[in-house]
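Residue-level structural notes
Each chain, letter by letter, is given below.
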Amino acid sequence: MYRYIITLGELKKLQNRGNVVLVDIREGEDYRRGHIPGAISVPYDEEPVFLEHFKKTGTIVLCCDRGNLSTRATARMRRAGYPAYSLCGGYEAYARFQK
């Protein structure tokens, strides 16, 4: 499971190539308070339909507050055949990097 965690630097490289979908899985209010540019909001708590938002092609990077929930969600997506990764440190790591 841990091999599917990427760093902010790796995310930037993927974004520069344009072949990644960054998904913020936090609740909508958290997303509205701040999110990584380019991230779309798909709250993980929409559990029954969560996977229906995605295609099984391209790279999907999940982001939560600190990386815990996104790591679990990534494992679930991987088991279902999605090319998913978790962002190490989540939004908090991104916010610290911006200071």
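Refer to the structure presented above.
Below, the structure is looked at part by part. Bear in mind the structure is a predicted one, so any value in this text is a computation, not a measurement. (Residues numbered from 1 in each chain as written. Predicted model: local features only at pLDDT ≥ 70, side-chain atom pairs only at ≥ 80, totals over all residues. Heavy atoms only, no water.)

Take the sheet that holds strand E4 (residues 59-63) next. With parallel pairing, five strands are arranged side by side in an open sheet as E1-E5-E4-E2-E3. Only two strands of the sheet have a single partner each, and these edge strands are strand E1 (5-6) and strand E3 (40-41). Pairing of E1 with strand E5 (residues 84-87), which is carried by two bridges, proceeds in the parallel orientation. Bridge pairing in E5 links Ile5 to Ser86. (Pairing = 2+ DSSP bridges. Helix = DSSP H or I, 4+ residues; strand = E, 2+ residues; numbered from the N terminus.)

So, about the pairing of E5. Bridging between E4 and E5 involves three bridges; their strand directions are parallel. Residue pairing in the sheet places Val61 in a bridge with Tyr85 of E5. The β-α-β motif built from E4, the intervening helix H3 (residues 68-79) and the parallel element E5 has right-handed crossover chirality. (Right-handed = clockwise from strand over helix to strand, strands pointing away.)

The final tally for this structure, using the stated rule, is five salt bridges. The partner of Arg32 in a salt bridge is Glu29, and the shortest N-O contact between them spans 3.5 Å. Placement of the pair is Arg32 and Glu29 together in helix H2 (residues 28-33), with a separation of three residues, close to one helical turn. The exposure class assigned to Glu29 is partly exposed, which follows from its relative accessible area of 43%. With its nearest N and O atoms 2.2 Å apart, the salt bridge here joins Arg33 to Asp30. Residue Arg33 and its partner Asp30 are both found in helix H2; the two are separated by three residues, about one turn of the helix. Salt bridges linked by common partners bring Asp24, Arg26 and Asp65 together as one network. (Salt bridge = Lys/Arg side-chain N within 4 Å of Asp/Glu carboxyl O. Buried < 20%, exposed > 50% of the residue type's maximum accessible area, 1.4 Å probe, protein only.)

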